[in-house]
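Analysis of the macromolecular model
The primary structure of each chain is shown beneath.
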Amino acid sequence: MFAHMSDTPTDGWTVDDLDALPEDGARRELIDGVLHVTPSPAPTHQVLAARLLVALEENCPGHLHVSQANDVILSMQRLFVPDVLVTTDEAAERDGKFIAKEVVLAVEIVSPGSQSMDRVLMPALYAKAGIPFYWLIEWSGGLTVHAHRLAEGDDVYQPVGIFTETIKLDEPWDIEIPIARLRPRHL
């Protein structure tokens, strides 16, 4: 549909426009029709995401599915790629993008170039889309996990815990993960 990335649609980019682009491995996200192409995450970021995925997968209930870096459609002009996510198992059986109502938990790992996005914009838009749980992982000067739950009857997140030693939660299922297990070797 578009010959070059510079051929911006007049009404902004949509999920359908992204689907029409050739697959080139680029990580693309949409924020209100504005296309954002982000570089590949740093190795420390990737190791942390992989270790979290494995730790969550070990006791994830059968009706849920843990995944990494999949597209999540919040609206036709909003698409994000959470670092780690938990979806319904039914949605995971389908090939393709997830829609927000199929996502139970979205996890973002703060990188130097994504601080405002991960701390402010993404949680606001994930909450507005109705994703029940959001975790933010900071790894500057140590590893801290900030867990949030969607406020009942509202579209904002409320903090449910800040963890520096062990992630211990009873939602979205009973989770107990030592932070040291997630820490990449050189941190």
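Residues numbered from 1 in each chain as written. Predicted model: local features only at pLDDT ≥ 70, side-chain atom pairs only at ≥ 80, totals over all residues. Heavy atoms only, no water.

Some words on the overall build of the protein chain
Test applied: The numbering of helices and of strands both runs from the N terminus, where a helix is a DSSP run of H or I of at least 4 residues and a strand a run of E of at least 2. Here the radius of gyration uses the C-alpha set of atoms, whereas the globule reference equals 2.2 Å times the residue count to the power 0.38. Each residue is placed in one exposure class: buried if its accessible area under a 1.4 Å probe, protein chains only, is under 20% of its type's maximum, exposed if it is over 50%, and partly exposed if it falls in between. Note that accessible areas follow from Shrake-Rupley with a 1.4 Å probe, and for residues the cover is restricted to the protein chains shown.
Scanning the protein chain for helices and strands turns up five helices and 13 strands. In terms of overall size, the protein chain behaves like a compact globule, its C-alpha atoms giving a radius of gyration of 16 Å where 187 residues would be expected to give roughly 16 Å. Considering the protein chain as a whole, with its 187 residues, one finds that 46% of them fall into the buried category. When the accessible surface of the protein chain is split by element, carbon and sulfur atoms take 51% of a total near 9700 Å².

Quick notes on helix α4 (residues 115-128)
How we decide: Here a helix's expected span is defined as the number of its residues, less one, multiplied by 1.5 Å. The angle separating two fitted axes, one through the seven residues that finish at a residue and one through the seven that start at it, defines the bend at that residue.
A rise of 1.5 Å per residue sets the reference length of α4, with its 14 residues, at 20 Å; its end C-alpha atoms lie 19 Å apart and thus fit the reference within 8%. Residue Leu121 marks the point of greatest curvature in α4, where the axis turns by about 40°; the proline Pro123 follows within four residues. Within α4, burial applies to Asp118, Met122, Pro123, Leu125, Tyr126 and Ala127. Looking at the residues trailing α4, positive phi occurs at Gly130, about 90°.

Let's talk about helix α2 (residues 43-58)
Rules: When checking whether two residues touch, look at their non-hydrogen atoms; a contact exists if any pair is within 4.5 Å.
For α2, built from 16 residues, the straight-helix expectation of 22 Å at 1.5 Å per residue is met to within 8% by its first-to-last C-alpha distance of 23 Å. Of the positions making up α2, those classed as buried are Thr44, His45, Leu48, Ala49, Leu52, Leu53, Ala55 and Leu56. Turning to α2, the residues buried within the fold contact β3 (64-68), β6 (84-88), β8 (103-109), β9 (133-138), β13 (175-178) and α5 (179-182).

Thoughts on the packing of aromatic side chains
We count it as follows: In this scheme Phe, Tyr and Trp rings, the latter by its six-membered ring, pair at centre separations within 6.5 Å, and the angle between planes marks the pair as stacked below 30 degrees, edge-to-face above 60, and tilted otherwise.
In this structure the tally under the stated criterion is three aromatic pairs. Taking the centre distance of 5.6 Å and the plane angle of 80° together, the rings of Phe80 and Tyr126 count as edge-to-face. Highlighted residues: Phe80 in strand β5 (residues 78-80) and Tyr126 in helix α4, separated in sequence by 46 residues. In this structure, Phe80 and Tyr126 share a single accessibility class: buried. Between the aromatic rings of Tyr134 and Tyr157, the centroid separation amounts to 5.7 Å while the plane-to-plane angle is 25°, which identifies the pairing as stacked.

Brief notes about the sheet that holds β6
Rule in force here: The rule for pairing is simple: two strands pair if DSSP sees at least two bridges between them. Interaxial angle, 0 to 180 degrees, is taken between N-to-C directions of lines fitted to C-alpha atoms, where a helix line uses only the stretch in contact.
An order of β3-β6-β8-β9-β10-β11 is seen for the six strands of this open sheet, with the pairing classed as mixed. Strands with a single pairing partner mark the edges of an open sheet, and in this sheet they are β3 and β11 (157-163). In this sheet, neighbouring strand axes are inclined to one another by 20° on average, regardless of whether the strands run parallel or antiparallel. Pairing between β3 and β6: five bridges, direction antiparallel.

Quick word on the pattern of salt bridges
Applicable threshold: We count a salt bridge whenever a side-chain nitrogen from Lys or Arg sits within 4 Å of a carboxyl oxygen from Asp or Glu.
Scanning the entire structure with this criterion turns up eight salt bridges. A salt bridge links Lys97 to Asp71, with the shortest nitrogen-to-oxygen separation between them at 3.5 Å. Placement of the pair is Lys97 in the loop between α3 (89-92) and β7 (98-99) and Asp71 in the loop between β3 and β4 (72-75), with a sequence separation of 26 residues.

A look at the environment of Ala69
By the secondary structure assignment, Ala69 is in the loop between β3 and β4. Each C-alpha atom, one on Ala69 and one on Arg28, is 11 Å from the other, the two residues being 41 residues apart in sequence. Among all residues touching Ala69, those that are not within four sequence positions of it are Val81, Pro82, Asp83 and Leu85.

Considering the environment of Ser114
Note on placement: Ser114 falls in the loop between β8 and α4. The exposure class assigned to Ser114 is buried, which follows from its relative accessible area of 16%. When the C-alpha positions of Ser114 and Pro184 are compared, they lie 19 Å apart, and in sequence the two are 70 residues distant.

Structural notes on the confidence of the model for the protein chain
Detailed reading of the predicted coordinates is not advisable wherever pLDDT is low. Let me state the cut-off plainly: You can read pLDDT as the predictor saying how much it trusts each residue, on a scale of 0 to 100.
In this model, the protein chain carries an average pLDDT of 88, and 95% of its residues clear a pLDDT of 70 or more. Mean pLDDT across the secondary structure elements of the protein chain bottoms out at strand β2 (residues 34-38), with 80, and peaks at strand β12 (residues 166-169), with 98.

A look at the pairing of β11
Regular strands have side chains that alternate between both faces of the sheet. Taken together, the six bridges between strand β10 (residues 144-150) and β11 define a ladder with antiparallel strand orientation. Each bridged residue has a counterpart across the sheet, and for Arg149 the counterpart in β11 is Gln158. Between β10 and the antiparallel strand that follows it, β11, lie six residues; Gly153 among them carries a positive phi value of about 75°.

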